[in-house]
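# Descriptive analysis of the structure
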Amino acid sequence: MTVTIIENWSQFQEVMTSNQSSIILFYAVWAEPSTSIKPVFEDLARQTMKLRFYTVEIDECEDFTDNYGSLHMLPTITAFHRGQNVAELSGASESGLHDMIAGLS
(Lines give C-alpha, C1' and ligand atoms only; values in the text may rest on other atoms or scores of the structure.)
Protein backbone atom coordinates (compact mmCIF):
# COMPACT_ATOMS: atom_id res chain seq x y z
CA MET A 1 0.00 0.00 0.00
CA THR A 2 0.96 3.58 -0.34
CA VAL A 3 0.90 6.30 2.28
CA THR A 4 -1.96 8.79 2.07
CA ILE A 5 -1.36 12.35 3.23
CA ILE A 6 -4.01 13.76 5.57
CA GLU A 7 -4.26 17.46 4.77
CA ASN A 8 -7.10 18.60 7.03
CA TRP A 9 -9.39 17.73 9.94
CA SER A 10 -12.19 16.60 7.65
CA GLN A 11 -9.95 14.02 6.01
CA PHE A 12 -8.85 12.76 9.43
CA GLN A 13 -12.49 12.34 10.47
CA GLU A 14 -13.11 10.22 7.36
CA VAL A 15 -10.26 7.94 8.40
CA MET A 16 -11.71 7.69 11.91
CA THR A 17 -15.15 6.65 10.65
CA SER A 18 -13.69 3.91 8.47
CA ASN A 19 -13.98 0.31 9.61
CA GLN A 20 -10.39 -0.35 8.57
CA SER A 21 -7.36 -0.34 10.81
CA SER A 22 -5.05 2.57 10.18
CA ILE A 23 -1.70 3.83 11.34
CA ILE A 24 -0.85 7.52 11.27
CA LEU A 25 2.54 9.19 11.43
CA PHE A 26 2.34 12.68 12.93
CA TYR A 27 5.56 14.51 12.05
CA ALA A 28 7.28 17.80 11.28
CA VAL A 29 9.95 18.33 8.64
CA TRP A 30 12.06 20.35 11.10
CA ALA A 31 12.19 17.48 13.64
CA GLU A 32 15.13 15.22 12.72
CA PRO A 33 13.65 12.09 14.31
CA SER A 34 10.60 12.60 12.07
CA THR A 35 12.70 12.67 8.93
CA SER A 36 14.59 9.53 9.95
CA ILE A 37 11.48 7.41 10.65
CA LYS A 38 9.38 8.60 7.70
CA PRO A 39 11.22 6.50 5.06
CA VAL A 40 10.91 3.43 7.31
CA PHE A 41 7.19 4.13 7.72
CA GLU A 42 6.77 4.47 3.95
CA ASP A 43 8.68 1.23 3.30
CA LEU A 44 6.53 -0.67 5.81
CA ALA A 45 3.41 0.73 4.14
CA ARG A 46 4.50 -0.89 0.87
CA GLN A 47 4.99 -4.23 2.64
CA THR A 48 1.86 -4.30 4.81
CA MET A 49 -1.47 -4.86 3.09
CA LYS A 50 -3.78 -5.21 6.12
CA LEU A 51 -3.37 -1.65 7.39
CA ARG A 52 -3.94 1.77 5.86
CA PHE A 53 -1.02 4.17 6.31
CA TYR A 54 -1.37 7.94 6.64
CA THR A 55 0.84 10.91 7.45
CA VAL A 56 0.03 14.27 9.00
CA GLU A 57 2.64 17.01 8.65
CA ILE A 58 1.55 19.12 11.60
CA ASP A 59 2.80 22.45 10.29
CA GLU A 60 0.86 22.01 7.04
CA CYS A 61 -2.39 20.94 8.68
CA GLU A 62 -3.21 23.70 11.15
CA ASP A 63 -6.91 22.92 11.55
CA PHE A 64 -5.92 19.39 12.47
CA THR A 65 -3.77 20.40 15.41
CA ASP A 66 -6.46 22.86 16.55
CA ASN A 67 -8.98 20.01 16.77
CA TYR A 68 -6.80 17.03 17.76
CA GLY A 69 -4.86 18.71 20.50
CA SER A 70 -1.18 18.75 21.26
CA LEU A 71 1.29 16.02 20.50
CA HIS A 72 3.90 15.67 23.21
CA MET A 73 6.66 14.37 20.96
CA LEU A 74 7.44 14.24 17.27
CA PRO A 75 7.17 11.92 15.62
CA THR A 76 4.16 10.23 17.15
CA ILE A 77 2.78 7.15 15.44
CA THR A 78 -0.75 6.17 16.38
CA ALA A 79 -2.76 3.11 15.38
CA PHE A 80 -6.53 3.30 15.16
CA HIS A 81 -9.14 0.58 14.75
CA ARG A 82 -12.67 1.74 13.99
CA GLY A 83 -11.78 5.21 15.24
CA GLN A 84 -10.34 4.04 18.55
CA ASN A 85 -6.70 4.61 19.48
CA VAL A 86 -5.30 1.10 20.01
CA ALA A 87 -1.56 1.78 20.11
CA GLU A 88 0.80 4.74 20.22
CA LEU A 89 4.52 5.17 19.77
CA SER A 90 6.34 8.40 20.60
CA GLY A 91 9.73 8.98 19.03
CA ALA A 92 11.56 7.42 16.11
CA SER A 93 11.95 3.82 17.25
CA GLU A 94 12.25 1.61 14.18
CA SER A 95 11.95 -1.56 16.28
CA GLY A 96 8.97 -0.08 18.11
CA LEU A 97 7.28 0.66 14.78
CA HIS A 98 7.91 -2.91 13.58
CA ASP A 99 6.49 -4.27 16.84
CA MET A 100 3.42 -2.01 16.60
CA ILE A 101 2.65 -3.17 13.06
CA ALA A 102 3.22 -6.83 13.94
CA GLY A 103 0.78 -6.47 16.82
CA LEU A 104 -1.87 -5.03 14.53
CA SER A 105 -1.50 -7.39 11.59
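Residues numbered from 1 in each chain as written. Predicted model: local features only at pLDDT ≥ 70, side-chain atom pairs only at ≥ 80, totals over all residues. Heavy atoms only, no water.

### Thoughts on the pattern of salt bridges
All told, the structure shown has 2 salt bridges when counted by the stated rule. A salt bridge links Lys38 to Glu42, with the shortest nitrogen-to-oxygen separation between them at 3.2 Å. Note that Lys38 and Glu42 are positioned in helix α2 (residues 32–47) at a spacing of 4 residues, about one turn of the helix. You can call Lys38 partly exposed: its relative accessible area is 23%. We classify Glu42 as partly exposed; its relative accessible area is 26%. Of the charged contacts in the structure, one is a salt bridge between Arg46 and Asp43, with a shortest N-O distance of 3.6 Å. Residue Arg46 and its partner Asp43 are located together in helix α2, separated by 3 residues, close to a single helical turn. Asp43 gets classed as partly exposed once you look at its relative accessible area, which sits at 34%. (Salt bridge = Lys/Arg side-chain N within 4 Å of Asp/Glu carboxyl O. Helix = DSSP H or I, 4+ residues; strand = E, 2+ residues; numbered from the N terminus. Buried < 20%, exposed > 50% of the residue type's maximum accessible area, 1.4 Å probe, protein only.)

### Considering the side chain of Ser21
By the secondary structure assignment, Ser21 is in strand β2 (residues 21–27). Classification of Ser21 by relative accessible area gives buried; the value is 18%. Among the polar contacts made by the side chain of Ser21, one reaches the side chain of His81 at a distance of 2.7 Å. Setting aside residues no more than four positions away along its own chain, Ser21 makes contact with Leu51, Arg52, Phe80 and His81. (Polar contact = N/O pair within 3.5 Å; in protein donor to acceptor, adjacent residues only side chain to side chain. Contact = heavy atoms within 4.5 Å.)

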